[in-house]
Amino acid sequence: MAAKLYYFYQRGMAELPRLVCVAAGIEFEEINLTTRSDLLKLLEEGKLLFGQIPLLEIDGHQIVQTRAIVRYVAKKASGSLLGKNDAEEIRVDMIFEAGRDFTLPSLEIGFLPDEEVLPDLQNRVMPKYMPKFEKIAAENGSGYLVGDSFTVADLSVVEGLLVYVEYFGPDILQGFPALQKFFDTVTSLERISSYLKSPLRKKKNDPPCIAKVLEVLGKDRYQR
Ligand SMILES: N[C@@H](CCC(=O)N[C@@H](CS)C(=O)NCC(=O)O)C(=O)O
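Residues numbered from 1 in each chain as written. Predicted model: local features only at pLDDT ≥ 70, side-chain atom pairs only at ≥ 80, totals over all residues. Heavy atoms only, no water.

By the naming in an unreviewed UniProt entry, the protein chain goes by Glutathione S-transferase alpha-5 and is assigned to Aplysia californica.

Asks: I'd like a rundown of the UniProt feature "domain: GST C-terminal" (unreviewed entry) in the protein chain, residues and numbers included.
Replies: According to UniProt, the feature "domain: GST C-terminal" (unreviewed entry) maps to residues 85–209 in the numbering used here. The distance separating the terminal C-alpha atoms of residues 85–209 is 42 Å; by composition the span is 68% helix and 0% strand. (UniProt positions renumbered as here; feature names shortened; annotations may be inferred. Helix = DSSP H or I, 4+ residues; strand = E, 2+ residues; numbered from the N terminus.)

Asks: If you had to explain the pattern of salt bridges to someone new, which residues and values would you point to?
Replies: Close approach of charged atoms lets side chains of opposite charge pair. All chains considered together, the criterion is met by 18 salt bridges. For E97, the salt bridge goes to R67, with nearest N and O atoms at 2.9 Å. Within this pair, whereas E97 is found in helix 4 (residues 86–103), its partner R67 is found in helix 3 (residues 66–76), the two being separated by 30 residues in sequence. Here E97 falls in the partly exposed class, since its relative accessible area comes to 26%. Taking the relative accessible area as the measure of exposure, R67 reaches 28% and is therefore partly exposed. (Salt bridge = Lys/Arg side-chain N within 4 Å of Asp/Glu carboxyl O. Buried < 20%, exposed > 50% of the residue type's maximum accessible area, 1.4 Å probe, protein only.)

Asks: Explain the UniProt feature "domain: GST N-terminal" (unreviewed entry) in the protein chain to me, using residue names and the numbers behind them.
Replies: Mapped onto this numbering, the UniProt entry annotates "domain: GST N-terminal" (unreviewed entry) at residues 1–81. Between the end C-alpha atoms of residues 1–81 the distance is 23 Å, and the span holds 37% helix and 22% strand.

Asks: Describe in detail unusual backbone geometry, supporting the description with residues and values.
Replies: Going from I53 to P54, the amide bond is cis rather than trans, its omega being 15°. Locating P54 in the fold gives a position in the loop between helix 2 (36–44) and strand 3 (55–58). The backbone phi angle of Q65 is positive, close to 75°, even though this residue is not glycine. Relative accessible area serves as the criterion here: at 39%, Q65 is assigned to the partly exposed category.

Asks: So what's going on with the layout of surface pockets? Which residues, and what values?
Replies: Its boundaries defined by the atoms lining it, the largest pocket holds a volume of some 570 Å³. Surrounding the largest pocket, 24 residues form its lining, Y7, M13, Q52, I53 and L217 being those nearest its centre. Listed by contribution, the elements that provide at least two residues to the lining of the largest pocket are helix 3 and helix 9 (207–217). The element contributing the most residues to the lining of the largest pocket is helix 9, with three residues. For the lining of the largest pocket, the per-class residue count stands at 14 nonpolar, seven polar and three charged. Three or more residues apiece are contributed to the lining of the largest pocket by two domains, here domain 1 (3–78 + 197–217) and domain 2 (86–188). Taken together, 14 residues make up the lining of the second largest pocket; nearest its centre are A23, S78, L81, F150 and R191. Elements with a contribution of two residues or more to the lining of the second largest pocket: helix 1 (15–24) and helix 8 (190–197). Ranked by residue count, the leading element in the lining of the second largest pocket is helix 8, at three residues. (1 Å grid on protein atoms, 1.4 Å probe; cavity = no way out; pocket = protein on both sides within 12 Å on 5 of 7 lines; lining within 4 Å. Points joined across faces, edges and corners; volume = space filled by probe spheres on them. Nonpolar A, V, L, I, M, F, W, Y, C, P; charged D, E, K, R; others polar. Domains from an automatic or database assignment.)

So, in structure tokens, the structure goes:
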């Protein structure tokens, strides 16, 4: 049975689970919650351990928490999306987590006024992480961040870069040649590239999409 990913029709916290399924070649069906009762039903069924989505149903498991989803799917993939030895695994983990720190602030785009979110991303988040990712990519040299093949560390960092390039333009990579090479390498991988061009890749957050998310969550406004 194909895996099922429950979330909103929005990138949000489900984008990394989508990307890891794509990278691992795991087919999944998207169940997009559109009403408050859709979410209440999942809660009543006891499928949401912490009352939160995304939820991935796969191999008889009900997995919540994005990082848990990513690790399970990565483990199932052929190849070593988690690194090939202890040293690589540690490095993949560290960069994966830094990639989350880099990307998660961008998930507030559309939920808070642009004047509040966008300057913070540009003036605080990007300058904090991009030089460090550049150094990591340059020292590794393969076009990936760890070792000589694709891992979830790459996925976590590229998720943020995709958003920042989309909002601030491709010039944000100027002065970061190794990161540019990394970005080009990962976004050219066949599975990732076709996903990004497909209708499965959701558009930017817009007001109707934000309103729908808040409605399903039963909130009248976004709160951190
Ligand atoms: N740490 C969780 C956070 C998930 C999360 O915050 N999901 C939101 C939707 S984007 C949610 O379900 N919120 C409802 C709630 O927290 O009660 C993860 O990584 O999956």
